[in-house]
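Results of the structural survey
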Amino acid sequence: AVVSTQSTGVPEDPKVGGLCPAALQATLESWPKDKPLPKALLLCPTGCNPSGANVPEGARRKIYRLACEYDFLILEDDPYYFLNYGKELTSFLSMDIEGRVLRLDSLSKILCPGLRIGFLTCRYVESAYME
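What counts and how
- Residues numbered from 1 in each chain as written.
- Predicted model: local features only at pLDDT ≥ 70, side-chain atom pairs only at ≥ 80, totals over all residues.
- Heavy atoms only, no water.
- Helix = DSSP H or I, 4+ residues; strand = E, 2+ residues; numbered from the N terminus.
- Contact = heavy atoms within 4.5 Å.
- pLDDT = per-residue confidence, 0-100.
- Buried < 20%, exposed > 50% of the residue type's maximum accessible area, 1.4 Å probe, protein only.
- Arc of directions from axis to C-beta.
- Core = buried A, V, L, I, M, F, W, Y, C linked by side-chain atoms within 4.5 Å.
- Phe/Tyr/Trp six-rings, centres within 6.5 Å; stacked < 30°, edge-to-face > 60°.
- Lys NZ or Arg CZ within 6 Å of the ring centre and 35° of its normal.
- Polar contact = N/O pair within 3.5 Å; in protein donor to acceptor, adjacent residues only side chain to side chain.

Moving on, we get to the overall build of the protein chain. From N to C terminus, the protein chain includes 3 helices and 4 strands. Beginning at the N terminus, the succession of helices and strands in the protein chain can be written as α-β-α-β-α-β-β. The long-range fraction of contacts in the protein chain, counting pairs at least 24 apart against all pairs at least 6 apart in sequence, stands at 62%.

Note: predicted coordinates in regions of low pLDDT should not be interpreted at a detailed level. Averaged over every residue, the pLDDT of the protein chain is 82; residues scoring 70 or more account for 85%. At the level of individual helices and strands, the protein chain shows its lowest average pLDDT in strand S4 (residues 118–122), which scores 81, and its highest in helix H2 (residues 57–70), which scores 95.

Let's shift gears to helix H1 (residues 21–29). For H1, every residue scored as buried is listed here: Pro21, Ala23, Leu24, Thr27 and Leu28. End-on view of H1: buried residues confined to an arc of 160°, all on one side of the axis. Contacts from the buried residues of H1 go to strand S1 (40–43) and H2.

Attention now moves to the nonpolar core. Burial of nonpolar side chains together is a common tendency in soluble globular proteins. If you look at the biggest cluster of nonpolar residues, it comprises 19 residues, and the most contacted ones within it are Leu24, Leu41, Ile63, Phe72, Ile74 and Phe92. The set of elements that each furnish at least two residues to this core consists of H1, S1, H2 and helix H3 (92–95). Not counting chain neighbours up to four residues away, the residues in contact with leucine 41 comprise Leu19, Leu24, Ile63, Phe72, Leu73, Ile74 and Leu75.

Inspection of the entire model under this criterion finds 0 aromatic pairs. Across the ring face of tyrosine 81, the terminal group of arginine 103 is positioned such that the distance to the ring centre comes to 4.5 Å.

Topologically, glutamate 76 is positioned in strand S2 (residues 73–77). On the accessibility criterion, glutamate 76 (0% relative accessible area) is buried. On a C-alpha basis, the gap between glutamate 76 and serine 91 in space is 8.2 Å, while along the polypeptide they are 15 residues apart. Leave out the neighbours within four places in its chain, and glutamate 76 touches Leu43, Pro45, Arg60, Ser91, Phe92, Leu93, Val101, Leu102, Arg103 and Leu104. Engagement of the side chain of glutamate 76 in a polar contact is seen with the backbone nitrogen of leucine 93, the distance being 3.1 Å.

Before going further, it helps to examine the side chain of aspartate 105. Here aspartate 105 shows up in strand S3 (residues 101–106). On the basis of relative accessibility, which here comes to 9%, the residue aspartate 105 falls in the buried class. At a separation of 3.0 Å, a polar atom in the side chain of aspartate 105 contacts the side chain of arginine 103. Aside from chain neighbours lying at most four places away, what touches aspartate 105 is Asp78, Phe82, Gly118 and Phe119.

Here is the structure:
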């Protein structure tokens, strides 16, 4: 089945890079009342494109709270998570208590570029999202 989708961009934080929680909140608060709210947020929190920045821990927690408040899934596309050479980062999946994070990883970034193996991890929660 073909599913029609629309996407809306949210700017990066100009100071630290990565998705800006304040911009995400402003986007959600100003969402047209006659349109359904977004069902999912796709982001790459480690090594964000195009800046290469990491979404800071505090911003990650704010984004997760917004997902809970506005009832959307977080698609955490994080192939660079294990290549982080700084402070260990908290993944969205590790803070997920409501079953709203789907984490996508890839072995092509950490083992071998030609090794096209990816995997999805999520919490087991009986959820309307998974039906």
